[in-house]
Amino acid sequence: MKSDSNLFIYFLSHFLFLGAGFAMIADYCKTDMIISAFLGFLIGCGILYIVCKLKLNRKTNDNVTFNKMFDFCYFIFILFIMLFLLVILSSFLFSYFLPYTPSFIACLPFLILSIYLGCKNIKEIYNVAFILFVISIVIVVIKTILLSKEFQVGNILPFLDTSYKNIIKASLVYSTFSICPCFLLIDEDISFKKSFKYYAIGNIINILVILTISLILGDMVNVYSYPEYTILRRIKFFDFIENIENFICINWFFDLFISLSLLINKLKFTVKINNCYIVAGISFSILYLVFKVFSNNFYNTIILYHIFSWVCGFFIILLIVLLVIYSIIKN
Amino acid sequence: MLFLLGGCYDYKEINDLAIVSAIGIDYIDESYLVTLEILKDDQDKDSSGVFSFIKIGVGKTLTDAIENASDKITKGTNFSHVKLMVLSKSLMKENFDNIIDLFLRNTYFRENFYVLGSDKNSPEEILSNKSLSQSSASEQIVKMFQNMNYSSNSNVLKEYNKLVKDYLDFGIDICFSNVSIIDNEFVGDGLVIFDNDNYKNTLNNSYAKLYNILSNNFERVTYSINYNNKFFTVAINNGKVDVNINNGKIIVSGNLMGRIIDNDTDFDIRDNKTLKKIDSDFSVLINELVEDFIKKMQKENSDLLGISSKYYKRSRIKDDDYWKYLDVNSNINFNLNKKGLIYEK
């Protein structure tokens, strides 16, 4: 099977929404989430187009100072996204699955598996990602069908009940969350046509989840930390298929798994060391940091959640500026 | 396999868990009294019933009371299989809003259990009553209320998450069924209604039936008309009703259909004129009852049908008092749709 890095965009445009993106957007614009998601998708498409046009195709004889500066920024970017991913994972596991287990232990098997995959080459990650992509789509379709019984159109009425300012803020947050992780692929061979396809699929799934949440929860959409998981508890099909939320939310873990493997893979190439133990050491250190600083400290987690979209926005601008500088140097 | 290893850290055998199937909450002398119904795991394998025992805890806060009850159990309490919550009248009157946050916030509870009130008996009496079958009280109560869909249909069995949604949403008040013990048997005993988080009243079962019709959540609601001391009975089994504010009036419109249950009056149901008269009589009866129900709601300040919410969604005007002063006009059409197995006796 030929590797196609564009596929990763599907996973990367998703994973930040679990426990962070959806709740944050809901906090801004409640039942108008769907409008901000759509606007956010359009903004994201624009950024994706710019990234694909300013393709990074570095060579060893390029400007050394630029390369070092770029590698440093890219390295910090990877560490930051990895930190947030592990905060999301540990909070989710703590909240619903393993409330009595220290987050370090809860996340450890997941991280070991990701390191194992991340240390392989990109083609092998692609092979796993392709299978998980298909399963993920099937699960989302099943979820939506099973939940359709609970939909109430009245829950999203009246439209545009929140201020335009909040809708715009939420759409910026949406675009940041969906596009920022895609910057991991700037040194991969991605084309706008193909990457748009996967970005669109990823966003359609996001919009579908947002629509499902709004149609079911209505004004309660901003009450829950994990609205996307909470609604899964309502699945009751013919009174014999119920309590399946833990199984059916597995596609979120797929997103986190592929994204974490990709982050580890990119980390390996950025530090330019083929030894996987160093990459594993960095990853375990971040997990330990998450365990010590964020897992048992809601205050720190909230600060991280508040600054996250700003930092992501900063990285988007920084990396675009670096890409522009690179294309100027190259020409 | 590696994904699942994290779960081994705090693993507990099912035999070491006390599975709580119901929670009763009472509020006496500024203290919470929590009754936990716990499933027995040492029952006879040949018996088909689900058996249980209860533990009671007292505390100044709800958490204290639950912990106090849990401390009396030798095994670890597990709340993820709670099916039913029974609330006493004093709790509903004084501290109803306290049950919202705790059960929504904690991981240990699934928010899809049913909530019932009990204004005549304490939750402890309800959950310790084994009735004749001796099986778990919560099991019997839930089954009884579920099966009432096909008998009197005066049951309003609401899940906790739906209750909380009504509680938090603008322009809709909450209600749920009330359970009592009469002659050692459980009975569905009316409809508990609220104005925001204030307990207002417990309406009788006939109002509960009307609530089910007006919220389009019915299977089989029966009504009878007395014609010269002989009764003609129908069961409403189909149709849709809409309640809205239009031109400064509460308008109830829609079509309901029903089948003949009992034709004691010996009406000739082959005759179109007779059928039209029956339809018209039942339409009048239903419209009168509906108008009376909405007036009762207005009197109690309890917007069970979410009239204010619907008005807000249509007009964007947030006013949860407006509906209380409006006239009611009910225009429901009733039609017989099934005759039963015979034409005449």
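Quick notes on the rules
Residues numbered from 1 in each chain as written. Chains lettered and ligands numbered in written order. Predicted model: local features only at pLDDT ≥ 70, side-chain atom pairs only at ≥ 80, totals over all residues. Heavy atoms only, no water. Helix = DSSP H or I, 4+ residues; strand = E, 2+ residues; numbered from the N terminus. Buried < 20%, exposed > 50% of the residue type's maximum accessible area, 1.4 Å probe, protein only. Contact = heavy atoms within 4.5 Å. Buried area = accessible area lost by both parts, 1.4 Å probe. Salt bridge = Lys/Arg side-chain N within 4 Å of Asp/Glu carboxyl O. Polar contact = N/O pair within 3.5 Å; in protein donor to acceptor, adjacent residues only side chain to side chain. Nonpolar A, V, L, I, M, F, W, Y, C, P; charged D, E, K, R; others polar. Axes fitted to C-alpha atoms, helices over the stretch in contact; angles between N-to-C directions. Parallel < 35°, antiparallel > 145°, perpendicular 65-115°, else oblique. Left-handed = near helix turned anticlockwise from the far one by under 90°. Phe/Tyr/Trp six-rings, centres within 6.5 Å; stacked < 30°, edge-to-face > 60°. Lys NZ or Arg CZ within 6 Å of the ring centre and 35° of its normal. Pairing = 2+ DSSP bridges. Disulfide = S-S within 2.5 Å. Core = buried A, V, L, I, M, F, W, Y, C linked by side-chain atoms within 4.5 Å.

Caption draft 1: Up close: the overall build of chain B. What chain B contains, in helices and strands, is nine helices and 14 strands. Each principal axis of the C-alpha atoms in chain B carries an extent, and together these give about 75 × 55 × 50 Å. The 345 residues of chain B split such that 51% are buried. When contacts within chain B are restricted to residue pairs at least 6 apart in sequence, long-range pairs at least 24 apart make up 66% of them.

Caption draft 2: Seen up close, the interface of chain B and chain A. Opposite the 26 residues of chain B that make contact, chain A presents 34 residues. Carbon and sulfur atoms supply 55% of the area that chain B and chain A bury against each other, a total of about 2600 Å² over both sides. Here chain B is connected to chain A by four salt bridges. Across the pair A:R233 and B:E111 runs a salt bridge, and its minimum N-O distance is 2.8 Å. Applying the counting criterion to the chain B and chain A interface returns eleven residue pairs in polar contact (both at pLDDT 80 or more). Here the side of chain B that touches chain A gets five residues from one element, more than from any other, and that element is helix α6 (residues 160-168) of chain B. Per-class residue counts for the side of chain B that touches chain A are twelve nonpolar, five polar and nine charged.

Caption draft 3: Fine view of the side chain of A:S283. Residues and elements named next belong to chain A. One can find S283 in helix α12 (residues 276-295). When its relative accessible area of 0% is taken as the criterion, S283 is described as buried. A distance of 2.9 Å separates the side chain of S283 from the backbone oxygen of V279, its partner in a polar contact.

Caption draft 4: The arrangement of the packing of helix α11 (residues 250-270) of chain A against α12(A) in detail. Residues and elements named next belong to chain A. One way to put it is that α11 packs onto α12 with a least axis distance of 10 Å and a crossing angle of 125 degrees. The angle between the axes of α11 and α12 places the two elements in the oblique class. By crossing handedness, the relation of α11 to α12 is classed as right-handed. Touching I264, L267 and K268 of α11 are C276, V279, I282 and S283, all from α12. Of the residues contributing to the contact of α11 with α12, the split by class is five nonpolar, one polar and one charged.

Caption draft 5: Unusual backbone geometry, seen in detail. In the segment running from A:L157 into A:P158, the intervening peptide bond is cis, with an omega of -10 degrees. Mapped onto the secondary structure, A:P158 falls in the loop between α6 (122-147) and α7 (164-179). In this model, B:N301 sits at a positive phi of 55 degrees, which is unusual for a non-glycine residue. Within the fold, B:N301 resides in the loop between α8 (272-300) and α9 (307-315). With a relative accessible area of 25%, B:N301 lands in the partly exposed category.

Caption draft 6: The arrangement of the packing of aromatic side chains in detail. Taken as a whole and assessed by the stated rule, the structure comprises 56 aromatic pairs over all chains. On the basis of an interplanar angle of 85 degrees and a centroid distance of 5.1 Å, the ring pair of A:Y10 and A:F11 is categorised as edge-to-face. The class for A:F11 is buried, based on a relative accessible area of 0%. Taking the centre distance of 5.0 Å and the plane angle of 90 degrees together, the rings of A:Y49 and A:F192 count as edge-to-face. Residue A:Y49 is located in helix α3 (residues 33-53), and its partner A:F192 is located in helix α8 (residues 192-217); the two are separated by 143 residues in the primary sequence. Under the relative-accessibility criterion, A:Y49 is labelled partly exposed at 40%. Overall, A:F192 belongs to the partly exposed group, its relative accessible area being 26%. Above the ring of B:Y223, the side-chain terminus of B:K209 is found at 5.1 Å from the ring centroid.

Caption draft 7: Structural view of the pairing of strand β9 (residues 185-195) of chain B. All names here are of chain B. Counting buried positions along β9 gives nine out of eleven residues, so the element sits mostly inside the fold. With seven bridges connecting them, strand β8 (residues 175-182) and β9 associate as antiparallel partners. Counterpart to I182 in the pairing with β9 is E185. A loop of two residues connects β8 with β9, the two strands running antiparallel in sequence, and D183 in this loop sits at a positive phi of about 50 degrees. Note: β9 against strand β10 (residues 198-203), five bridges, orientation antiparallel. If you follow L191 over to β10, its bridge partner there is L203. Count of turn residues in the β9/β10 antiparallel hairpin: two residues, of which N196 carries a positive phi of about 55 degrees.

Caption draft 8: Structural context of the pairing of strand β5 (residues 84-88) of chain B. All names here are of chain B. When you tally the buried positions in β5, you get five out of five residues, the bulk of the element. Of the two faces of β5, both are covered, the one formed by L84, V86 and S88 as well as the one formed by M85 and L87. Here strand β1 (residues 17-28) runs beside β5; their pairing, made up of four bridges, is parallel. Residue pairing in the sheet places I23 in a bridge with M85 of β5. Inspection of the sheet shows β5 paired to strand β6 (residues 114-118) by five bridges, in the parallel sense. What sits directly across from M85, in β6, is V115.

Caption draft 9: Main features of the state of the cysteines. Residues and elements named next belong to chain A. In total, this model carries one disulfide over all chains according to the counting rule given. Note on cysteine connectivity: C119 is disulfide-linked to C276, with sulfurs 1.7 Å apart. Given an S-S torsion of about -130 degrees, the disulfide between C119 and C276 has left-handed geometry. Of the two residues, C119 is situated in the loop between α5 (103-118) and α6 and C276 in helix α12; the sequence distance between them amounts to 157 residues.

Caption draft 10: View of the environment of B:K200. Residues and elements named next belong to chain B. Looking at the secondary structure, you find K200 in strand β10. Sequence-wise, K200 and K60 are 140 residues apart; in three dimensions their C-alpha atoms are separated by 25 Å. Dropping the residues within four chain positions of it, K200 is found in contact with I193, F194, D195 and E300.

Caption draft 11: Layout of the nonpolar core. Membership of the largest hydrophobic core comes to 163 residues, with the highest contact counts inside it found for A:F8, A:F183, B:I23, B:I25, B:L87, B:I99 and B:F103. No other element matches the 19 residues that helix α4 (residues 64-97) of chain A contributes to this core. If we ignore the near neighbours within four places in the chain, the residues touching B:F103 are B:I23, B:I25, B:L62, B:I66, B:M85, B:F109, B:F113 and B:Y160. Residues B:Y223, B:I236, B:V243 and B:F334 belong to the second largest nonpolar core, which totals 45 residues.

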